[in-house]
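# Close look at the chain arrangement
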Amino acid sequence: MQGTANEFCLQSLIAKDEWLAVSRFPARLVLTVHDSIMAEVREDVVAEYIGESRRLMTSWNSGDVPLAVDFAVGKSWGSMRKLKGKSVAEVCAEVLGSR
């Protein structure tokens, strides 16, 4: 199962890299850890980045198995907080001090 998740992650990484390059979106991919992708994203476009990333990462043909994607937001690795049902705006306000 982890191997399959890793394959979806790698394909998503390629798709995200292409999207960022073509769209000139204000974000950059930083690193991958197992089946996670970390990116630096300008604060005012975090919600848009998450929306497009979710679309890209869940668009792969996985048969009847639904693909789930989790996101976390923070100013540093140690301050990352998962969305856990909260809106991106709520998490950004808590973690980033955004309006």
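Here goes a summary of the coordinates provided. The shown structure was predicted, so the numbers you read here are calculated from the model rather than taken from an experiment. (Residues numbered from 1 in each chain as written. Predicted model: local features only at pLDDT ≥ 70, side-chain atom pairs only at ≥ 80, totals over all residues. Heavy atoms only, no water.)

Moving on, we come to the overall build of the protein. Across its full length, the protein carries three helices and four strands. Taking 13 Å as the expected radius of gyration for a compact globule of 99 residues, we find that the protein reaches 14 Å, a close match to that expectation. Along the first, second and third principal axes, the C-alpha set of the protein runs to 40 × 30 × 20 Å. Expressed as a percentage of the 99 residues in the protein, the buried residues total 28%. A separation of at least 24 residues holds for 37% of the contacts in the protein among residues at least 6 apart in sequence. Working note: accessible area of the protein is about 6900 Å², and carbon and sulfur atoms make up 52% of it. Between the averaged position of the 12 positive side-chain charges in the protein and that of its 13 negative side-chain charges there is a distance of 7 Å. (Helix = DSSP H or I, 4+ residues; strand = E, 2+ residues; numbered from the N terminus. Rg over C-alpha atoms; globule rule 2.2 N^0.38 Å. Buried < 20%, exposed > 50% of the residue type's maximum accessible area, 1.4 Å probe, protein only. Contact = heavy atoms within 4.5 Å. Areas by Shrake-Rupley, 256 points an atom, 1.4 Å probe, with all protein chains shown as cover. Lys, Arg positive; Asp, Glu negative; His and termini not counted. Charge placed at Lys NZ, Arg CZ, Asp CG, Glu CD.)

Once that is clear, we can look at the pattern of salt bridges. Enumeration according to the criterion identifies four salt bridges in this entry. Of the charged contacts in the structure, one is a salt bridge between Arg42 and Asp44, with a shortest N-O distance of 2.6 Å. Overall, Asp44 belongs to the exposed group, its relative accessible area being 57%. Residue Arg55 is joined to Glu52 by a salt bridge in which the shortest nitrogen-to-oxygen separation is 2.6 Å. With Arg55 and Glu52 both in helix α2 (residues 46-57), this residue pair falls three residues apart, about one helical turn. (Salt bridge = Lys/Arg side-chain N within 4 Å of Asp/Glu carboxyl O.)

In this fold, Ser12 is placed in helix α1 (residues 2-23). Ser12 gets classed as buried once you look at its relative accessible area, which sits at 1%.

Burial of nonpolar side chains together is a common tendency in soluble globular proteins. By size, the foremost hydrophobic cluster in this structure holds 14 residues, and its most contacted members are Val46, Ile50, Val73, Leu83, Val88 and Cys92. For this core, the elements supplying multiple residues, two or more each, are α2 and α3 (88-95). Per element, the largest residue contribution to this core is four residues, and it comes from α3. By size, the runner-up hydrophobic cluster in this structure holds eight residues, among which are Ala15, Leu20, Ala27 and Tyr49. (Core = buried A, V, L, I, M, F, W, Y, C linked by side-chain atoms within 4.5 Å.)

This part is about the packing of aromatic side chains. For the structure shown, the criterion picks out three aromatic pairs. Ring geometry for Trp19 against Phe25: centres 4.8 Å apart, planes inclined by 35 degrees, an arrangement best described as tilted. Both residues of the pair, Trp19 and Phe25, belong to the buried class. Three or more aromatic residues joined by ring pairs make a cluster, and in this case those are Trp19, Phe25 and Tyr49. (Phe/Tyr/Trp six-rings, centres within 6.5 Å; stacked < 30°, edge-to-face > 60°.)

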